[in-house]
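Examining the three-dimensional arrangement
The chain contents come next:
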Amino acid sequence: MVPQDSGMVAVRNILTRLCKRSGLSSDRLRSTEIDVLPLLDLLAVRQYARRAGVDREEAVLPLVRDLALRLDPTDRLVVDAELALGLLRENPPAGVDPGRLYAADLGERREYLAERWAQLHEAVGVQPVPGTLTVRSLRGAPERRAFTELAARLATATVFDGAHVVDFGASSQDIASETVTADDRGVVTVIGDAVIDHMYVVDRIPGSGATARGSYREHPGGKGLTRAVAAARLGLRVRLISAVGDDDAGDRILEYLRSERVDTELVKVVPFAPTPVTAVVVARTGAASTIGCKDERIRLSAQELRTDAIRSALATSDAVLLTFEQPTGVIEQIMGQLRGLPDRPLVVVHPAPRLDRPQYLYQHLAAVDYLVGGDRDLHALAMAGEDATPGGEQIATRLRALGVGAVCAIQDFRCEVWSDQVSDRFQPFPTALEDSVGAHAAFSAALVYRLVSTRRPAERNDYVWATAAMVATQSIGDVPGAMPLVSEVERIYKLATEEH
């Protein structure tokens, strides 16, 4: 029996009410008086909409059709006819009239389904055929069972591609047989933090002694997690090296990462330790301030990074995305391993504003192909505690003298680059917000996507495309949820290039 939690029941009730009149359609979802928000807010619906580049109302019908095909034959026939899904419209069984099976009136569809009950079951290979039903008996247990199964699958499904759904109600063999072959996509290993973000959205960030009214929500976040999600949404094969606590928050992070197609095999779960929390205060303009709360036990160790699994992950990656928020010893261990690889992957690094003893890392910077960060982050790495405040070009020159291939300074959706191939400033399109919390993550993931796809050093258009990815993150709230798809970046990139 399918567990009947409140979420599933709400979805089932919506689906059964949507059967009336002409059935399920995007137009019906937009115009109905029924409260369809619990259906539109399902994880699978939101994922399908984002990955297919459509709104949530348009995502529901193809998603429901896909899941209905996986139901038992009787349940499939019931939901197909009553929701007018049209599963048999293109290739109807002999003697079955699609016009009547998918009529504009629910009563007609029920009558025809009951009339052709045996014939339809025989057409889908069911033997023996279930007993003939009347319209009255059809409206009882058969409908309830069918819509309960469909609602349960909708509530637990997750979308792996624009039109590919993994149904966690299916068997492991079914899921394995449906897994998308992704050998042709680049492999990216991300090393960085995974936390729970406590988001406080206010009109303005209050100063000392001041107060502000705002709203609050929680989401998985962190520099490592957000970059991993950003890369996965662009179609790359991604694994995350990180650490979480052995608690509900850690379980939530792991579940979220898996729903976004991020490999979590190398995420360390620390017993008896709380998963880190970050308080993020975001103004309506998108500007943000953060407070990190991290148990010292939630950390990777240099010893753990010497395991065969970690070494293999680094050696088999096309690109490594690393954030310098780990202890210096851990960063040294990772960079040392990368430097020692005979066929080194592309290395993209985000520095940290409070990096401890950055001079200890200088010997490893020759392994950094692209250094991406804000002005303060780059200054902290380049100046090693000095009080001087040189300009961006001077900082970039110092970092490149230490071996960095390209320096990308990001500020307010703008990017300035210094490299052998390109030295330029990019601001491709006007923005509605001043900044967004996930902009840096989107830039790094988009740059990696372009570089892994082309297998060459970054050119001007690659930086413009990555800057367009920053612009695509303009929202306030769920940071990894704002990471864009390729289609969204392409749309902004085309607008930007048309302007120029």
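Here's a quick rundown of the structure. Residue positions within a chain follow its written sequence, with the count starting from 1. Totals for whole chains, interfaces and linings use every residue, but because this is a predicted model, local features are given only for residues with pLDDT of at least 70 and side-chain atom pairs only at 80 or more, for both listing and counting. The basis for every side-chain value is the complete set of heavy atoms in the structure, and neither hydrogens nor water enter the calculation.

To continue, consider the environment of Thr389. Note on placement: Thr389 falls in the loop between helix 17 (375-383) and helix 18 (392-401). For Thr389 and Pro62, which are 327 residues apart along the polypeptide, the C-alpha to C-alpha distance reads 56 Å. Helix and strand assignments come from DSSP, with helices taken as H or I runs of at least 4 residues and strands as E runs of at least 2, each series counted from the N terminus.

What follows covers the packing of aromatic side chains. Stacked, tilted and edge-to-face are the three classes applied to pairs of Phe, Tyr and Trp rings, where Trp contributes its six-membered ring and a pair requires centres within 6.5 Å; stacked means planes under 30 degrees apart, edge-to-face means over 60, and tilted covers the rest. For the coordinates displayed, the defined rule picks out three aromatic pairs. Here the aromatic rings of Tyr449 and Trp465 are separated by 5.3 Å at their centres, their planes lie at 20°, and the arrangement is stacked. Note that Tyr449 is positioned in helix 19 (residues 439-454) and Trp465 in helix 20 (residues 460-471), a separation of 16 residues in sequence. Here, over-ring charges are defined by two tests on the NZ atom of lysine or the CZ atom of arginine: distance to the ring centre within 6 Å, and angle to the ring normal within 35 degrees. Arg357 extends its terminal NZ or CZ atom over the ring of Tyr360, reaching a point 4.7 Å from the ring centre. Positioned above the aromatic ring of Tyr493, the side-chain terminus of Arg450 is 5.9 Å from the ring centre.

Judged by how many residues are buried, strand 11 (residues 319-323) sits mostly within the fold: five of five residues are covered. Partly exposed residues are those whose accessible area sits between 20% and 50% of the maximum for their type, while under 20% is buried and over 50% is exposed, using a 1.4 Å probe and protein chains only. Of the two faces of strand 11, the one carrying Ala319, Leu321 and Thr323 and the one carrying Val320 and Leu322 are both buried. Two strands pair when backbone bridges link them, and strand 3 (residues 187-191) and strand 11 are joined in this way by four bridges, in the parallel orientation. Considered in strand 11, the bridge of Thr189 is made with Val320. At least two bridges found by DSSP between two strands is the condition for calling them paired. Where strand 11 meets strand 12 (residues 346-350), five bridges bridge the pair, whose relative direction is parallel. Bridging across to strand 12, Leu321 finds its partner in Val348. Here, the term right-handed applies to a crossover whose path from the first strand over the helix to the second runs clockwise when the strands point away from the viewer. As a crossover connection, the stretch from strand 11 through helix 16 (residues 328-339) into strand 12 is right-handed.

Our next topic: the pattern of salt bridges. Salt bridge, as used here: a side-chain nitrogen of Lys or Arg that lies within 4 Å of a carboxyl oxygen of Asp or Glu. Taken as a whole and judged by the stated rule, the model has 22 salt bridges. Close ionic contact of Arg110 with Glu82 constitutes a salt bridge, the shortest N to O distance being 3.7 Å. With Arg110 in helix 8 (residues 106-115) and Glu82 in helix 6 (residues 73-82), this pair connects stretches of sequence that are 28 residues apart. Among the charged side chains, a network of salt bridges with common partners joins Asp27, Arg30, Asp55 and Glu58.

None of this, on its own, says anything about what the molecule does.
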